Amino acid sequence: LARMDRRKMNPKVEKKDGQVLINFNPEIDPELKKYSEDSINKSSAPMKYTSLKLWSNYKFTREEDKYKQYQQYENNPQLVITETKEIIEELKRKTEDAFSLFNHSTPSYTCSVLIRYYFDKLNEKDKVFCKEIIIEFALTPHKAQNYHYQNSDGTRPSIIVLPELLRHFSADKEDIKSLLFLLLFNQWREISAFATSAIQYSLWKNNFEDAHAMFLGYLLLKPKYN
């Protein structure tokens, strides 16, 4: 309404490309202007990491025509790490649902992509950081009270990339293998399907012994579990 008040206009007229352009320049009270700017900043904050979110999602699903649009991340895994850590810090501080809703799963995707495609370009500290984030998300179905699967909860990439962790972190092999195996028994079919996919399409090809052990263990224990 303040912007529409014709009594407080300071019009500026200019000619451009044979046309007359009128900029009305409404006079806005400083307090009202600050309130408006603060509101815009607050509403746009959840969208700050949209590019990272899209890139990591497209990269994980191998949509090359889409993820290559974000070259700032394609060739700079350190930027991915930096912004992922910023998101995590914001999630710890934020009380608004909007930021969490839009950004909660992004660290799962970014870290899964980094482990899958950029492992050799990460330093040891960042490798461990990504491993811990992935395991944290993969544990969600076991740890979260009254867990209900949601497509945006970050479990999919973290579970599917667990075989990559097995390959790179031999010291944690038994823990990672146990986690992947137990996810096969999860009551949510989506979660067990992610675990099955990880074993079938990645682990079975690269680590037959462990994949076959899980297969035999599942055949033995699933009837008893039921």
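Our subject is the structure that appears above.
These remarks concern the structure in this document. Since the model is a prediction, treat every value here as computed from it, not as a measurement.

The next point concerns the overall build of the chain. Each helix and strand counted, the chain has 14 helices and 2 strands in total. For 226 residues, the compact-globule estimate of 2.2 N^0.38 gives 17 Å, and the C-alpha radius of gyration of the chain, at 24 Å, exceeds that figure by more than 25%. Along the first, second and third principal axes, the C-alpha set of the chain runs to 80 × 40 × 30 Å. Looking at the chain as a whole, 38% of its 226 residues qualify as buried. Accessible area of the chain: about 14500 Å², with a carbon and sulfur share of 51%. Of the side chains in the chain, 34 bear a positive and 31 a negative charge, and the two mean positions are spaced by 2 Å.

Moving on, we get to the packing of aromatic side chains. For the structure on display, the rule yields 11 aromatic pairs. Aromatic side chains W55 and Y73 sit 5.7 Å apart centroid to centroid with 40° between the ring planes, which places their arrangement in the tilted category. You can see W55 sitting in helix α2 (residues 50-60) and its partner Y73 sitting in helix α4 (residues 71-74), a full 18 residues away along the chain. Here the two residues W55 and Y73 agree in accessibility, since each one is buried. On the basis of an interplanar angle of 85° and a centroid distance of 5.7 Å, the ring pair of W204 and F208 is categorised as edge-to-face.

Of note in the backbone geometry, N25 takes a positive phi value of approximately 45° without being a glycine. Mapping N25 onto the fold places it in the loop between β2 (19-23) and α1 (30-44). Although it is not a glycine, R62 adopts a positive phi angle of roughly 60°. With relative accessibility at 56%, the residue R62 sits in the exposed group.

Turning our eyes to something else, we now look at α2. Within an α-helix, residues lying three or four positions from one another point in the same direction, as the helix has 3.6 residues per turn. Every buried residue of α2 is accounted for by L52, K53, W55, S56, K59 and F60. If you follow the buried residues of α2, they end up packed against α3 (64-67), α4, α5 (77-93), α6 (97-103), α7 (106-117) and α10 (155-160). Phi turns positive one or two residues past the end of α2, at R62, with a value near 60°.

This part takes up the nonpolar core. Ranked by size, the top nonpolar core spans 50 residues in total, and within it W55, I115, C130, L162 and L180 carry the most contacts. Those residues in contact with W55 that sit more than four places away from it in its chain are Y67, Y70, Y73, E74, V80, V113 and Y118.

Moving on, we come to helix α13 (residues 189-206). Taking 1.5 Å of rise per residue, the 18 residues of α13 would be expected to cover 26 Å, and the 25 Å separating its terminal C-alpha atoms lies within 8% of that figure. Listed as buried for α13 are I191, S192, F194, A195, A198, I199, S202 and L203. Those residues of α13 that are buried are in contact with α9 (140-143), α10, α11 (162-168), α12 (173-183) and α14 (208-225).

All right, on to a nonpolar patch on the surface then. Taken together, the side chains of W204, F208, F215, L216 and L219 define a hydrophobic patch exposed on the protein surface, amounting to about 490 Å² of accessible area. Broken down by element, the residue count for the nonpolar patch peaks at 4 residues, all from α14. Inspection of the secondary structure assignment puts W204 in helix α13. Take W204: its relative accessible area is 31%, and that puts it in the partly exposed class.

Now for the packing of α13 against α14. Closest axis-to-axis distance for the α13/α14 pair is 5 Å, and the angle between their directions is 130°. As far as their axial angle goes, α14 and α13 are oblique. Contacts between α13 and α14 involve I199, L203, W204 and N206 on the former and, on the latter, F208, D210, A211, H212, M214 and F215. Of the residues contributing to the contact of α13 with α14, the split by class is 7 nonpolar, 2 polar and 1 charged.

Our focus in this paragraph is the pattern of salt bridges. All chains considered together, the criterion is met by 13 salt bridges. Between E90 and R93 there is a salt bridge whose closest N-O contact spans 2.3 Å. You can see E90 and its partner R93 sitting in helix α5, 3 residues apart, about one turn around the helix. Judged by relative accessible area, which is 56%, R93 ranks as exposed.

Each value, and the rule that gives it
- Residues numbered from 1 in each chain as written.
- Predicted model: local features only at pLDDT ≥ 70, side-chain atom pairs only at ≥ 80, totals over all residues.
- Heavy atoms only, no water.
- Helix = DSSP H or I, 4+ residues; strand = E, 2+ residues; numbered from the N terminus.
- Rg over C-alpha atoms; globule rule 2.2 N^0.38 Å.
- Buried < 20%, exposed > 50% of the residue type's maximum accessible area, 1.4 Å probe, protein only.
- Areas by Shrake-Rupley, 256 points an atom, 1.4 Å probe, with all protein chains shown as cover.
- Lys, Arg positive; Asp, Glu negative; His and termini not counted.
- Charge placed at Lys NZ, Arg CZ, Asp CG, Glu CD.
- Phe/Tyr/Trp six-rings, centres within 6.5 Å; stacked < 30°, edge-to-face > 60°.
- Contact = heavy atoms within 4.5 Å.
- Core = buried A, V, L, I, M, F, W, Y, C linked by side-chain atoms within 4.5 Å.
- Expected span 1.5 Å × (residues − 1).
- Patch = residues over 30% accessible without salt bridge, like charges linked within 9 Å, V, L, I, M, F, W, Y side chains within 5 Å.
- Salt bridge = Lys/Arg side-chain N within 4 Å of Asp/Glu carboxyl O.
- Axes fitted to C-alpha atoms, helices over the stretch in contact; angles between N-to-C directions.
- Parallel < 35°, antiparallel > 145°, perpendicular 65-115°, else oblique.
- Nonpolar A, V, L, I, M, F, W, Y, C, P; charged D, E, K, R; others polar.

So far we have only geometry, and geometry alone does not tell us how the molecule works.
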